[in-house]
Amino acid sequence: MNEQAPEPFEPVDEDWGTALAVVAHPDDMEYGGAAAVARWTGQGKKVVYVMVTSGEAGIDSMGPEECGPLREAEQIASAAVVGVDTVEFLGHPDGVLEYGLPLRRDIARAVRRHRPDIVITSNFRETYGGTMLNQADHVAVGRATLDAVRDAGNRWVFRELAEEGYEPWNGVRQVWAAASPEARHAVDTTDTFDLGVASLREHKAYLAGLGGPMADPREFLEGFGRGAGSRLGVRFAVPFEVFPLR
Ligand SMILES: [Zn+2]
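As the structure is a prediction and not an experimental result, all values here were calculated from the model.

## With respect to the packing of aromatic side chains
Two aromatic rings are characterised by how far apart their centres lie and by the angle between their planes.
1) Next: Throughout the structure, instances matching the rule amount to 9 aromatic pairs.
2) Next: The interplanar angle of 70° and the centroid separation of 5.3 Å between the aromatic rings of W16 and W40 together place this pair among those described as edge-to-face. Taken as a pair, W16 in the loop between β1 (10–11) and β2 (18–23) and W40 in helix α1 (residues 34–42) lie far apart in primary sequence, 24 residues in all.
3) Next: Ring centres 5.6 Å apart and planes at 55° place the aromatic pair W40 and W176 in the tilted group.

## Let's talk about the coordination of the zinc ion
1) Next: Here the zinc ion is held by H25 (ND1), D28 (OD) and H138 (NE2), and the distances to it run 2.0 to 2.1 Å.
2) Next: Coordination of the zinc ion draws on donor residues from a single chain, spaced H-x2-D-x109-H in sequence. Pair noted here: D28 is in the loop between β2 and α1 and H138 is in helix α4 (residues 136–152), with a separation of 110 residues, a long-range link. Here D28 and H138 have matching classes, each one buried.

## A look at the packing of helix α6 (residues 193–201) against helix α8 (residues 217–232)
1) Next: Between α6 and α8, whose axes approach to 9 Å, the crossing angle comes to 135°. Classified by the angle between their axes, α6 and α8 sit oblique to one another. Crossing hand, α6 versus α8: right-handed. Contacts between α6 and α8 involve F193, D194, G196, V197, L200 and R201 from the first element and P217, R218, L221 and E222 from the second.
2) Next: Partitioned by chemical class, the residues of the contact of α6 with α8 number 5 nonpolar, 1 polar and 4 charged.

## Details of the nonpolar core
1) Next: Judged by nonpolar contacts, the single largest core of 28 residues is most densely connected at L20, V22, I107, V111, V119, V172 and V175.
2) Next: Of all the elements in the fold, those that place two or more residues in this core are β2, β3 (46–51), α3 (101–114), α4 and β6 (174–178).
3) Next: Per-element tally for this core: the top contributor is α4, with 7 residues.
4) Next: Among residues more than four places away in sequence, those in contact with V175 are V119, T121, L146, V149, E241, V242, F243 and L245.

## Here we look at the pattern of salt bridges
1) Next: For the coordinates displayed, the defined rule picks out 14 salt bridges.
2) Next: Of the charged contacts in the structure, one is a salt bridge between R71 and D27, with a shortest N-O distance of 2.7 Å. Within this pair, whereas R71 is found in helix α2 (residues 64–81), its partner D27 is found in the loop between β2 and α1, the two being separated by 44 residues in sequence.
3) Next: R113 serves as the salt-bridge partner of E88, at 2.7 Å between the closest nitrogen and oxygen. Of this pair, E88 sits in strand β4 (residues 87–89) while R113 is found in helix α3, placing the two residues 25 residues apart along the sequence.
4) Next: The class for E88 is buried, based on a relative accessible area of 19%.
5) Next: Among the ionic contacts, a cluster of salt bridges with common partners joins R105, D106, R109 and E164.

## Observations regarding empty space enclosed by the protein
1) Next: Tallied over the entire structure, the rule returns 1 cavity of 30 Å³ or more.
2) Next: A volume near 80 Å³ is recorded for the largest cavity.
3) Next: Within the residue set of the lining of the largest cavity, elements represented by two or more residues are α1, α6, α8 and β8 (237–244).
4) Next: Split by residue class, the lining of the largest cavity holds 8 nonpolar, 4 polar and 1 charged.

## Some points on the sheet that holds β4
1) Next: Strand order across the open sheet formed by 8 strands is β1-β7-β8-β6-β5-β2-β3-β4, with mixed pairing between neighbours. The sheet is open, and its two edges are formed by β1 and β4, each paired on a single side.
2) Next: Pairing analysis gives 3 bridges linking β2 to strand β5 (residues 118–122), with the strands arranged parallel. Its bridge partner lying in β5, A21 is registered against I120.
3) Next: Against the sheet, α3 engages β2, β3 and β4, with an angle of about 160° to β2.

Rules used in this analysis
- Each chain carries its own residue numbering, running from 1 in the direction its sequence is written.
- Predicted model: local features are reported for residues with pLDDT of at least 70 only, side-chain atom pairs are reported and counted for 80 or more only, and whole-chain, interface and lining totals are derived from all residues.
- Values reported for side chains reflect all heavy atoms of the structure, with hydrogen atoms and water molecules removed beforehand.
- Pairs were defined over the aromatic rings of Phe, Tyr and Trp, the Trp ring being its six-membered one, requiring ring centres within 6.5 Å. Orientation was assigned from the angle between planes: stacked under 30 degrees, edge-to-face over 60, tilted for the rest.
- Note on conventions: DSSP H or I runs of at least 4 residues are helices, E runs of at least 2 residues are strands, and numbering of each starts at the N terminus.
- For Na, K and Ca the donor cut-off is 3.2 Å; for every other metal, N, O and S atoms count as donors within 2.8 Å. Water does not enter the count, which can leave sites looking incomplete.
- The buried label applies to any residue whose accessible area, calculated with a 1.4 Å probe on protein chains only, is under 20% of its type's maximum; exposed applies above 50%, and partly exposed to all values in between.
- The axes used here are C-alpha line fits, helices contributing only the stretch in contact, and every angle between their N-to-C directions lies in the interval 0 to 180 degrees.
- Every angle not falling under 35 degrees, over 145, or within 65 to 115 is termed oblique; those three ranges are roughly parallel, roughly antiparallel and roughly perpendicular.
- Crossing handedness: left-handed means the near helix sits turned counterclockwise from the far one by under a right angle, and right-handed means the same turn made clockwise.
- Contacts are assigned to residue pairs that have any heavy atoms within 4.5 Å of one another.
- Each residue gets one of three labels, nonpolar for Ala, Val, Leu, Ile, Met, Phe, Trp, Tyr, Cys and Pro, charged for Asp, Glu, Lys and Arg, and polar for the others, Gly among them.
- In this text, buried Ala, Val, Leu, Ile, Met, Phe, Trp, Tyr and Cys residues form a nonpolar core when linked through side-chain atoms within 4.5 Å.
- We count a salt bridge whenever a side-chain nitrogen from Lys or Arg sits within 4 Å of a carboxyl oxygen from Asp or Glu.
- Two kinds of site are reported from a 1 Å grid over the protein atoms alone, namely cavities, where a 1.4 Å probe fits but cannot get out, and pockets, open sets with protein on both sides within 12 Å along at least five of seven lines, and residues are called lining when an atom falls within 4 Å of a point.
- Grid points are joined across faces, edges and corners, and a volume is the space filled by probe spheres set on the points.
- In this description, strands pair whenever DSSP reports at least two bridges between them.

Such coordinate-based values are descriptive only and should not be taken to indicate function.
Structure, rendered in structure tokens:
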């Protein structure tokens, strides 16, 4: 039997001005996406981060009350490394996120507030490919983000948002799910790879509490970036599953 080479990736559309990244946890952007963000902010684009939780359940040796504020601070420092100066935290509970109307409403509010062209989220498929299971919060946030982008454009869904002063926003052209096993697109991050590593390194307390293959930022990101890069014909890349909306 012949081993089939994976299909080449197409470059993502880079003709846009503002992106909103909506992810479950501090560190979700840094395990892959931050190098792409550094490239885009370097091109003069604006990128805003929205964290659905504060990652307060992410460090085994530290209680949530202490952990949440620490991880928020690490995320803000991490974002600054790749040119992101707006980081918002929606305050949903880490580890036990539920797909549902409150989550859709809060993400829709963020979409109306920031009026992005592109919305980025993390992989929400069941796995990262093969049997490498995804995490429940990522699945809930990704699904809710796809739906919230449409909710943001409909005046009659979550009517309280307009009453709060957030007018509908229909301008989102595509939603991108980073590191999806269904990805067909990618962006070249060869020139900003080191910024991505530096951004992940800002999660100091989190990395200190972590063992295994994800605890070394450079090693992990090199493996991740090289795999996608080989399918885009560059050294390093970040893969995205693209959902066009208009
Ligand atoms: Zn996560």
